[in-house]
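In case you want the letters, here they are:
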Amino acid sequence: MIYNEPHPLEVRVLTRRFGLPHSASIDTYLAHDGYKAIRKALTEMTPEQVIEEVKASALRGRGGAGFPAGMKWGFVPRQSPKPKYVVVNADESEPGTCKDRLLMENDPHQLLEGALIAARAVDARSGYIYVRGEYRYLIEILDRAIAEAYQHGYLGKNILGTGLDFDLYTHTGAGAYECGEESALLESLEGKRGIPRIRPPFPAVVGAFQFPTVLNNVETFCAVPWIILNGGAAFAELGTKKNGGTRLFCLSGHVNRPGVYELPMGFPLRRMIEEVGGGMRDGKKLKAVIPGGSSCPVLGADQADIPMDFDSLQQVGSMLGSGGVVVMDEDTCMVKVALRIMRFYAHESCGWCIPCREGTMWLQKMLARFHAGGGIQSDIDLIGEVAQNMLGKTFCPFGDAAAMPTISLVKRFRQEFEDHLDGKPCPYER
Amino acid sequence: MSELVKLTIDGKPVEAPAGTLVINAARQVGIEIPAFCYYEGLALQAACRMCLVEVEKAPKLLTACTLPVAKDMVVRTETPQVAAARKAMLEFLLTNHPLDCPVCDKGGECELQDMTFRYGAGESRFREEKLHVVEQQWSPVVYFDAPRCILCFRCVRICDEGMGVRALGVVNRGAHSEIAPNMANHLECDECGMCIDICPVGALTSGAYRYQTRPWEMQYVGAVCAHCADGCKTTLSVRNNQILRGNNRDRSGINGEFLCIKGRYAYDFLEHEERLRTPLVRRDGKLQPAGWKEAIALVAERFRGVKERGGSIGVIGSTRTTNEENYYLQKLARAHLGTNHIDHHQTGDVVSLLDGLAGRPGRLATTADLYNAAAVLIVGADLSQQHPLLAFQIRANVRHHGARVYVVHPHPTREEHGAARLVRARGLAGVESIREVLAGETDLVVVFGDHIKGPDVERLVSMLPESARYVALVDYVNSRGALDMGLLPDLLPGYAPAPHPGLSLQEMITATEQGTLDALWVVGANPLEGVAGCRTFLVVQELFLTETARLADVVFPAAAAYEKSGSFTNVCGEVQRLKQALAPSGAKPDLEIMGLLARQMGFELAPPLPEAVFDEIRRVVRGYDIPYATFVSGGAAQATSVNGHITHCSRPEAIQSSRDSMFTSGSLGRYCRVLQAVIEKDLVEVPE
């Protein structure tokens, strides 16, 4: 069920069971360390120690924001008499990103165990896996895994005889990118329109159904069992400073071997393209890279030596994001890239706040006209200015996600915009 | 009082209680931070982004509408960065806005226009095609023009939170997001028009008002709604002696901005073609138009004749005429016509309540108390149907203060949603079952309908905490005033006992049928509906030819509430001034008609001027020495309770609410086309 051949440079931690026969079954899982971590967390560790271990691992949120997971868990008021929830963000929607689906498809029990450990850490009694609407097929796989876990006593009442009760449910989204934003996800989970909430308060304190909630990405939860079994320090050591562990990079675009590869944090981008990805397709030259999903500012070929971790990318004004690495060769029209990205955001904007709702639509229309040869000189600045007017002013990070790549494209590839002026046809479309 | 926080806004030192939002703290020192979606009293949104401000040490602009004040916070609201952000937001808003201001009803009072004027750019950089959606009619009174909508969600919130109706929502997403009604292509709701009123732009417009005028062409008159007893202030927009709109945008009066369908639209009876414009006199068995002089002379002569030969005259007063008219009527009847037969249709047992509260001053709740009390008990009343303002107050109280609501009613009502306790029972027995819980409520307001009357009222009072305050519900705009002014056979104004009690309403009706009364004078009431025949000389003052008026010998066309001045006393005993909005055409105010009759009969009464009569009321009627300044400035002063036992003949069987729904209003409601038009399926019936 694996989509691409593993590569020797990979460090297979989360994906180590991928490729085993019946890797999604509980039998395979149990035969390969399965549910040992929760046993350890329940019998040998206090909830505080669990959180400390996750903190020590330098595991940072794999959804895109890169917030330290252990710290997030630590914000949950454990002593509160309110019920607490664990919510798994499986609404993987960032263009260029396709890792969570593999984790759920190939090794769903790893996710279940990660959620269970989070429940142990914050004293939650129930949890939800919020699965992207388009991933309907995964619901079946997850529900089967959940049923197996109940049969084997890893879910339900009195887990492993320790008195821990935990119920886990799948919940499907209806196909909205915005529901990957944690507070919109919670609204949607509660059966409401998927629009983000005013924060603070943050979900750790006021989350699902207004109760304290641990909410993390699939990949984040999947890293937890290994961390508990092998120690936070061991995980941290796999990566770079403050960027613990490995990361599933979704390598796509104009490379010879696109695929999802688990590589250590800080792995150099150039080696990812040249070695892991087998180099540029048809021997073309590299033009640009989107390093972490469509919402990240674009990198130029001159920046390809960067180590792929949260901090290094932030330093050059981009983001590690969701791990979606999109490689573009010299034949790519960057105006079209901007248009393609904006078409997505205009389609997905939830409509809640003015700058995002109106800005994405405006930019999409302007870029479409521009790409079709209807652009005028002042449009180039205007595209950048409209995006700038969205940046930092929207209700949720969606507006920034739409604005940042646009701003970076206009800035970095201004000449390509100039080349579309005066009714000239797109130079890249022959 | 929570702790005061010191901060600086635009260099001005500000002190505000912890939890205050920056947008409100700024207002305290005269700094306006613009906003569309922020609306006091409704849930926070932070959607319009107009209120972005600079806060020292914050990495980006923050919304002042969601930002609580913090110690030593430094806020700047007029920096180039803030100005640019506001301009940008307005530019975004106008991209898909049709800019059809010249034909938009909102023109001149549009917040988008005002904001663009003040903070926006003079030219547009948007060169793309605008999105367009066709206008929709959602109900006889609600139209929606999606392209004008700026999606501030005020309408959705006022409907959800304010009205508890939840008839509006949002469909689609992104720039295609649209406000949508609850029934696919139309609205099924209270038709209160709050959504239209609260809309900052011309997206929601009123079927009653649209395309008729520009706002600056009208005059605005503060009147009191002519319908239910809640006594909402409605500001009537008048042009050419015609009311074009009712609303209360200045949020003055006891109701703030609240109005239901009746206060907002149900003034159309004024122009109903069946409106009486001339006196009618029965000739050859038929009512025929007559001159005022002739009709007045005829009635005066007959009344004088009856009086001179010691005959009996019955007087039935109204729940819709002003205090001045009621007072004048009973005085004329008692002191000059020499009759004690005077009564009106009682709809709630206020008398027993006042009696039951003897010795306990200050136990009558005000409209504001319903918003502020820690707990509210509702017994036998469907407030959302019959007392929409009181229901609105209670909902706001629950939302803002977490008030506990107890409901005792045999049928489902809106108030029971989220109620602390619901008892599906009738009257006292229901209250009895939660007596212990209620005993713990130290700040309780009790609202009861006609399920509790007669001796039950005193039992109710004795069952509840000493500190409880009460509202005895009555039906119509001056039902309470009719009682206070002594339109009762056994009680004079101010509930003083009448030395010789006369016939009650029911007794007068029977006497009319049997011909044992010599004359019956009905002012603004329809007591003879369903009566087989009338064998008495009958004089009726009315707006329309009601069942009673049809039986009359003389009918005087009366002016409606909006056509005269005076005062009304609402269900909570709050006295409000009624200002004349229109000149009556053909009709005369009841007070004037009574004055003409009095003069014709040679009685020496004070002149029939509302101001003069009101002065007398303030001097003479117990409880009515209310602050004059409050009254004339459009405020509502509560008449103080009599605070003593009332010697009265309890007739609980005569006390009966008409059980109007939100779309009916007694005889008057039949002539309100707007009310008839919005009734969805079967006539809404409010169960007993």
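Small disclaimer: the values here were computed from a predicted structure and weren't measured.

Participant: Would you mind going over the overall build of chain B with me for this structure?
Facilitator: Looking only at helices and strands, one finds 23 helices and 28 strands in chain B. For chain B, the C-alpha radius of gyration of 27 Å lies close to 26 Å, the compact-globule estimate for 688 residues. In terms of its C-alpha atoms, chain B occupies a principal-axis envelope of roughly 90 × 55 × 45 Å. Taken over 688 residues, chain B has a buried fraction of 56%.

Participant: Where do I start with the overall build of chain A in this structure?
Facilitator: Helices and strands together make up the secondary structure of chain A, namely 17 helices and 12 strands. For a compact globule of 430 residues, the expected C-alpha radius of gyration is about 22 Å, and chain A comes in at 22 Å, within 12% of that figure. Referenced to the eigenvectors of the C-alpha coordinate spread, the extents of chain A come out at roughly 75 × 45 × 35 Å. Looking at chain A as a whole, 57% of its 430 residues are labelled buried.

Participant: Before we go on, may I ask you to explain the sheet that holds strand S22 (residues 469-472) of chain B in this structure?
Facilitator: Paired through their backbone hydrogen bonds, the strands of a sheet run either parallel or antiparallel. All names here are of chain B. Here we have five strands laid out as an open sheet, ordered S20-S19-S18-S21-S22, and parallel in their pairing. The strands lining the two open edges of the sheet, one partner per strand, are strand S20 (421-423) and S22. Along the sheet, successive strands turn relative to each other by an average axial angle of 10°, direction set aside. In this sheet, S20 lies alongside strand S19 (residues 404-408) in parallel orientation, the contact comprising three bridges. Along S20, the bridge assignment pairs valine 408 with valine 423.

Participant: Is there a simple way to think about the environment of Gly202(B) in this case?
Facilitator: The residue Gly202(B) is located in the loop between helix H5 (194-198) and strand S10 (204-206) in this model. The spacing of Gly202(B) and Cys110(B) is 92 residues in sequence and 7.2 Å in space, taken between C-alpha atoms.

Participant: Whenever I open this one, the packing of helix H3 (residues 47-56) of chain A against helix H9 (residues 218-230) of chain A confuses me. Can you help?
Facilitator: When two helices pack together, their arrangement is captured by the angle between the axes and the distance separating the axes. Residues and elements named next belong to chain A. Relative orientation of the contacting elements H3 and H9 amounts to 105°, with a least axis distance of 10 Å. For the element pair H3 / H9, the angle class is roughly perpendicular. Where H3 approaches H9, its residues Val50, Glu53 and Val54 are matched on the opposing element by Val224, Ile227 and Ile228. Within the contact of H3 with H9, the residues separate by chemical class into five nonpolar, no polar and one charged.

Participant: Can you help me understand the domain arrangement of chain A in this one?
Facilitator: Reports of interface size often rely on the accessible area that becomes lost once the parts have come together. Residue and element names in this part refer to chain A. On domain assignment, one finds that chain A holds domain 1 (26-238), domain 2 (246-329) and domain 3 (334-418). In this structure, domain 1 and domain 2 have C-alpha centres spaced 27 Å apart. With 14 residues of domain 1 at the contact, the number on the domain 2 side is 18 residues. Its residues assigned to classes, the side of domain 1 that touches domain 2 comprises four nonpolar, five polar and five charged.

Participant: Would you mind showing me how to read the packing of helix H13 (residues 334-348) of chain A against helix H14 (residues 354-374) of chain A here?
Facilitator: Residue and element names in this part refer to chain A. For the pair H13 and H14, the least separation of the axes is 9 Å and the interaxial angle reads 150°. Between H13 and H14, the angle is such that the two are roughly antiparallel. Relative to H14, H13 is oriented so that their crossing is left-handed. Residues Val335, Lys336, Ala338, Leu339, Met342, Arg343, Tyr345 and Ala346 of H13 touch H14, and the partners they reach there are Thr360, Met361, Leu363, Gln364, Leu367, Ala368, Phe370 and His371. Its residues assigned to classes, the contact of H13 with H14 shows 11 nonpolar, three polar and two charged.

Participant: Could you clarify how one ought to interpret the environment of Ala69(A) in this entry?
Facilitator: Residue and element names in this part refer to chain A. For alanine 69, the location among the structural elements is in helix H4 (residues 69-74). We classify alanine 69 as buried; it has 27 C-beta atoms within 10 Å. Separated by 18 residues in the primary sequence, alanine 69 and isoleucine 51 place their C-alpha atoms 8.9 Å from one another. The residues contacting alanine 69, other than those within four sequence positions of it, are Val54, Leu59, Arg60, Gly61, Asn216 and Thr220.

Participant: Help me understand the domain arrangement of chain B, please; the structure alone is not making it clear to me.
Facilitator: All names here are of chain B. When the domains of chain B are assigned, the result is domain 1 (4-78), domain 2 (115-271), domain 3 (280-347 + 478-658) and domain 4 (350-473). Taking the mean C-alpha position of each, domain 2 and domain 4 sit 32 Å from one another. Every contact between the two is made by 10 residues of domain 2 and, on the other side, 11 residues of domain 4. For the side of domain 2 that touches domain 4, the residue count by class is five nonpolar, three polar and two charged.

Participant: I'm lost on the interface of chain A and chain B in this one. Help?
Facilitator: Taken together, the contacts link 25 residues of chain A with 25 residues of chain B. Elements with a contribution of two residues or more to the side of chain A that touches chain B: H13, H14 and helix H15 (377-390) of chain A. For the side of chain A that touches chain B, the leading source of residues is H14(A), giving 11 residues. Looking at side-chain class alone, the side of chain A that touches chain B contains 12 nonpolar, seven polar and six charged residues.

Participant: When you look at the sheet that holds strand S12 (residues 324-329) of chain A in this model, what are you seeing that I'm missing?
Facilitator: Taken together, the five strands give an open sheet; going across it, the order is S7-S6-S12-S9-S10 (chain A), and neighbouring strands pair in mixed fashion. Edge strands, defined here as strands with exactly one partner in the open sheet, are strand S7 (259-264) and strand S10 (299-300) of chain A.

Participant: Before we go on, may I ask you to explain helix H2 (residues 36-43) of chain A in this structure?
Facilitator: It helps to recall that an α-helix has 3.6 residues per turn; residues three or four apart then point in one direction. Residue and element names in this part refer to chain A. Within H2 the residues assigned to the buried category are Ala37, Ile38 and Ala41. Buried residues of H2 fall within an arc of 95° about the axis and therefore sit on the same side. For H2, the elements touching its buried residues are H3, helix H6 (108-122) and H9.

Participant: Would you explain the pairing of strand S9 (residues 178-181) of chain B in this entry?
Facilitator: For a regular strand, the rule is simple: side chains alternate between the two faces of the sheet. All names here are of chain B. Pairing analysis gives four bridges linking strand S8 (residues 168-171) to S9, with the strands arranged antiparallel. Across the sheet, leucine 168 pairs through a bridge with proline 181, a residue of S9. The antiparallel pairing of S8 with S9 creates a hairpin that spans six residues between the two strands, and asparagine 172 there sits at a positive phi of about 60°.

Participant: It is not clear to me how the pairing of strand S3 (residues 156-159) of chain A should be interpreted in this structure. Could you clarify?
Facilitator: Residues and elements named next belong to chain A. Taken together, the two bridges between S3 and strand S4 (residues 164-172) define a ladder with antiparallel strand orientation. When the sheet's bridge partners are listed, isoleucine 159 is paired in S4 with leucine 164. Where S3 hands over to S4, the hairpin turn is made up of four residues, of which leucine 160 adopts a positive phi near 55°.

Participant: For this particular structure, what's the right way to read the confidence of the model for chain B?
Facilitator: Atomic detail in the predicted coordinates should be set aside for any region of low pLDDT. Here chain B averages 95 in pLDDT, and 99% of its residues register 70 or above. Across the interface, the model reports ipTM at 0.94; the global pTM reads 0.94.

Participant: What exactly am I supposed to notice about unusual backbone geometry here?
Facilitator: Leaving glycine out, the prevailing phi sign among residues is negative, and the prevailing peptide bond configuration is trans. All names here are of chain A. Between arginine 199 and proline 200 the backbone carries a cis peptide bond, its omega angle lying at 0°. Relative to the elements of secondary structure, proline 200 occurs in the loop between helix H8 (182-189) and strand S5 (213-217). Positive phi is not limited to glycine here, since aspartate 123 has a value of about 65°. Along the polypeptide, aspartate 123 turns up in the loop between H6 and strand S2 (126-131). On the neighbour-count criterion, aspartate 123 (16 C-beta atoms within 10 Å) is partly exposed.

Participant: Can you walk me through helix H15 (residues 455-463) of chain B in this structure?
Facilitator: Residues and elements named next belong to chain B. Within the sequence span of H15, burial applies to Val457, Leu460 and Val461. Take H15 and look down its axis: the buried residues cluster within an arc of 95°, on one side only. Buried positions along H15 lie against helix H9 (350-356), helix H13 (427-433) and strand S21 (444-448).

Participant: Honestly, the environment of Cys356(A) in this entry has me stumped. Any pointers?
Facilitator: Residues and elements named next belong to chain A. Looking at where cysteine 356 falls in the secondary structure, it is placed in helix H14. Each C-alpha atom, one on cysteine 356 and one on leucine 391, is 9.0 Å from the other, the two residues being 35 residues apart in sequence. Contacts of cysteine 356, omitting those with residues within four sequence positions, involve Ser349, Met390, Thr394, Phe398, Gly399 and Ala402.

Reading the values: rules and limits
Residues numbered from 1 in each chain as written. Chains lettered and ligands numbered in written order. Predicted model: local features only at pLDDT ≥ 70, side-chain atom pairs only at ≥ 80, totals over all residues. Helix = DSSP H or I, 4+ residues; strand = E, 2+ residues; numbered from the N terminus. Rg over C-alpha atoms; globule rule 2.2 N^0.38 Å. Buried ≥ 20, exposed ≤ 12 C-beta atoms within 10 Å, placed from the backbone. Pairing = 2+ DSSP bridges. Axes fitted to C-alpha atoms, helices over the stretch in contact; angles between N-to-C directions. Parallel < 35°, antiparallel > 145°, perpendicular 65-115°, else oblique. Contact = placed C-beta atoms within 7 Å. Nonpolar A, V, L, I, M, F, W, Y, C, P; charged D, E, K, R; others polar. Domains from an automatic or database assignment. Left-handed = near helix turned anticlockwise from the far one by under 90°. Arc of directions from axis to C-beta. pLDDT = per-residue confidence, 0-100.

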